[in-house]
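Overview (structure and organization)
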Amino acid sequence: MEYTLEDALETLKDIETEREEEIEQLLTDTLNNGPVTLNASCNPEDVRKKQHKLCISLANQIREEIPKDYPIPNTSDLHFEVLKELEEEVRTVEQLLDKTETYLSEIEDDISFLKSKKEGLKKMKETYLDATELTNNTNYDKELHLLKRIFYSTKNDLYLVVQKLFPNNRNFEKFLEDLTCAYTKGGDDLYVNITPQHLVFVHFLIEADIVMYHRNDKSKVRLMDML
């Protein structure tokens, strides 16, 4: 509990009130006691005995009074105690401030470390995405190159077979060109309509697994997938 100068002032005022009440009580007791006069029969020895009895009574009364640990009025005791407590509080606050500053410094270091980690993770993510994209592009390029090579190889082989089976047959070449163009378009445009003059070519290509019929319309065919 904090003990301020206002508390010290209130304590002194309370002590002053108690002392004034004690003085008033002593004055009342004194006034109520009538004066005792010495008669002619009193001698100096009786006076000394009465004085001695009074001193003993006052001493007993002082011993019976409960001591109070109050600062002495008009002295620097109270100021010294208050200043001592204030100095202790100041030292406690300074220690708390030092601990807070140390803790704040640690938090700032942690924040700096986490920011550094965040930047590192961001760079790692960017590097990973770049590597993934590069890998995907590389795989796509390889697959495309392989597909083109297979397509052109199949096309050359088919051309040689056609030349052997149907030499100088422009209708067959034109039909293969139409199938090839349709295959590159995709979707429903993959299929080519079969005319009567194409029937011989279609039967040959079907048996060779080069073309296939439309699943719902036998009057249309398309090239088989290369892969």
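Refer to the structure presented above.
In short, a report on the structure. This structure is a prediction, so every number in the text was calculated from the model and none was measured. (Residues numbered from 1 in each chain as written. Predicted model: local features only at pLDDT ≥ 70, side-chain atom pairs only at ≥ 80, totals over all residues. Heavy atoms only, no water.)

**Quick word on the overall build of the chain**
When helices and strands are tallied, the chain shows five helices and three strands. Taken from the N to the C terminus, the helices and strands of the chain come in the order α-α-α-α-β-α-β-β. Burial statistics for the chain: of 227 residues in total, 11% are counted as buried. Contacts spanning at least 24 positions in sequence make up 58% of the contacts within the chain whose residues lie at least 6 apart. Accessible surface for the chain amounts to roughly 19400 Å². Of this, 57% is attributable to carbon and sulfur atoms. (Helix = DSSP H or I, 4+ residues; strand = E, 2+ residues; numbered from the N terminus. Buried < 20%, exposed > 50% of the residue type's maximum accessible area, 1.4 Å probe, protein only. Contact = heavy atoms within 4.5 Å. Areas by Shrake-Rupley, 256 points an atom, 1.4 Å probe, with all protein chains shown as cover.)

**Quick word on the sheet that holds strand 3 (residues 220-223)**
As summarised here, the arrangement of the three strands in space is 1-3-2, forming an open sheet in which the pairing is antiparallel. With partners counted over all chains shown, the strands left at the sheet margins are strand 1 (192-193) and strand 2 (211-213), one partner each. As defined by bridge partners, strand 1 adjoins strand 3 across two bridges and the pair is classed as antiparallel. Within strand 3, the position partnered with Asn-193 by the bridge is Lys-220. Docked against the sheet, helix 4 (residues 170-185) engages strand 1, strand 2 and strand 3, running at close to 75° with respect to strand 3. Against the sheet, helix 5 (residues 199-207) engages strand 2 and strand 3, with an angle of about 105° to strand 2. (Pairing = 2+ DSSP bridges. Axes fitted to C-alpha atoms, helices over the stretch in contact; angles between N-to-C directions.)

**What about helix 4?**
Taking 1.5 Å per residue as the helical rise, helix 4 with its 16 residues ought to reach 22 Å, and the 23 Å between its terminal C-alpha atoms agrees with that figure. Of all the residues in helix 4, the buried ones are Phe-172, Phe-175, Leu-176, Leu-179 and Ala-182. What you see down the axis of helix 4 is that its buried residues fit within an arc of 125°, all on one side. In helix 4, the exposed positions angled more than 90 degrees off the buried face are occupied by Thr-184 and Lys-185. (Expected span 1.5 Å × (residues − 1). Arc of directions from axis to C-beta.)

**Looking at the pairing of strand 3**
Both strand 2 and strand 3 contribute to a ladder of three bridges, which runs antiparallel. Within strand 3, the position partnered with Met-212 by the bridge is Arg-222. Taking the residues between adjacent antiparallel strands as the criterion, strand 2 and strand 3 are bridged by six residues.

**Here's the deal with a negative patch on the surface**
Taken together, the side chains of Glu-16, Glu-20, Glu-21 and Glu-24 define an acidic patch exposed on the protein surface. Along the polypeptide, Glu-16 turns up in helix 1 (residues 5-32). (Patch = residues over 30% accessible without salt bridge, like charges linked within 9 Å, V, L, I, M, F, W, Y side chains within 5 Å. Salt bridge = Lys/Arg side-chain N within 4 Å of Asp/Glu carboxyl O. Lys, Arg positive; Asp, Glu negative; His and termini not counted. Charge placed at Lys NZ, Arg CZ, Asp CG, Glu CD.)

**Comments concerning the packing of helix 4 against helix 5**
In the contact formed by helix 4 and helix 5, the axes pass within 10 Å of each other and the chain directions differ by 60°. The orientation of helix 4 relative to helix 5 falls into the category oblique. Taken as a pair, helix 4 and helix 5 cross one another with a handedness that is right-handed. Where helix 4 approaches helix 5, its residues Asn-171, Phe-172, Phe-175, Leu-176 and Leu-179 are matched on the opposing element by Phe-201, Val-202, Phe-204 and Leu-205. Residues of the contact of helix 4 with helix 5, tallied by class, amount to eight nonpolar, one polar and no charged. (Parallel < 35°, antiparallel > 145°, perpendicular 65-115°, else oblique. Left-handed = near helix turned anticlockwise from the far one by under 90°. Nonpolar A, V, L, I, M, F, W, Y, C, P; charged D, E, K, R; others polar.)

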